[in-house]
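Letter by letter, the chains look like this.
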Amino acid sequence: MDFKIYKKRGAANYKERNILKQLEPALEKLAKEDPNFLSTFKSVESYEELQALHAQYCISDAEII
C-alpha cells in the first residue's frame, strides 16, 4: 500500500496493529474500485480517529432475522 493510514510517533501498540490489519484490505479494495479515493483520504493521528475510521470502513450492519 502506498499511502499511510495512521500517523503516530513510535510503534503501534497491540490494539492499533489489530485495527490496522483489518483496515488495510478494506482500504486497498476501495482504492482499487475508486481512483479518487486516495486523493480524498486523510490519514488519522489519534487512536480515537483510528477507531472511527475502522467503524466507517470495516463494520457492517447486522441483519436482524
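Structure first, text after, so check above.
All values reported here derive from a predicted model rather than from experimental measurement. (Residues numbered from 1 in each chain as written. Predicted model: local features only at pLDDT ≥ 70, side-chain atom pairs only at ≥ 80, totals over all residues. Heavy atoms only, no water.)

Visitor: Just checking my understanding: could you explain the overall build of the protein chain for this structure?
Guide: When helices and strands are tallied, the protein chain shows three helices and zero strands. For the protein chain, the N- to C-terminal ordering of α and β elements is α-α-α. Overall, the protein chain is about 45 × 30 × 15 Å in size when its C-alpha atoms are taken along their principal axes. Sorting the 65 residues of the protein chain into buried and exposed places 23% on the buried side. Put simply, 70% of the contacts in the protein chain that link residues at least 6 apart link residues at least 24 apart. When the accessible surface of the protein chain is split by element, carbon and sulfur atoms take 50% of a total near 5,300 Å². (Helix = DSSP H or I, 4+ residues; strand = E, 2+ residues; numbered from the N terminus. Buried < 20%, exposed > 50% of the residue type's maximum accessible area, 1.4 Å probe, protein only. Contact = heavy atoms within 4.5 Å. Areas by Shrake-Rupley, 256 points an atom, 1.4 Å probe, with all protein chains shown as cover.)

Visitor: Is there a simple way to think about the packing of aromatic side chains in this case?
Guide: Overall, the coordinates contain two aromatic pairs when judged by the stated rule. With a centroid separation of 5.5 Å and 40° between ring planes, the pair formed by F37 and F41 is classed as tilted. When its relative accessible area of 7% is taken as the criterion, F37 is described as buried. Exposure remark for F41: the relative accessible area of 14% places this residue in the buried category. Geometrically, the ring pair formed by F37 and Y57 is edge-to-face, given 6.0 Å between the ring centres and 90° between the ring planes. Linking F37 in helix α2 (residues 37-40) with Y57 in helix α3 (residues 47-57), this pair joins segments that are 20 residues apart in sequence. Put simply, the rings of F37, F41 and Y57 touch in pairs and so form one group of aromatic residues. (Phe/Tyr/Trp six-rings, centres within 6.5 Å; stacked < 30°, edge-to-face > 60°.)

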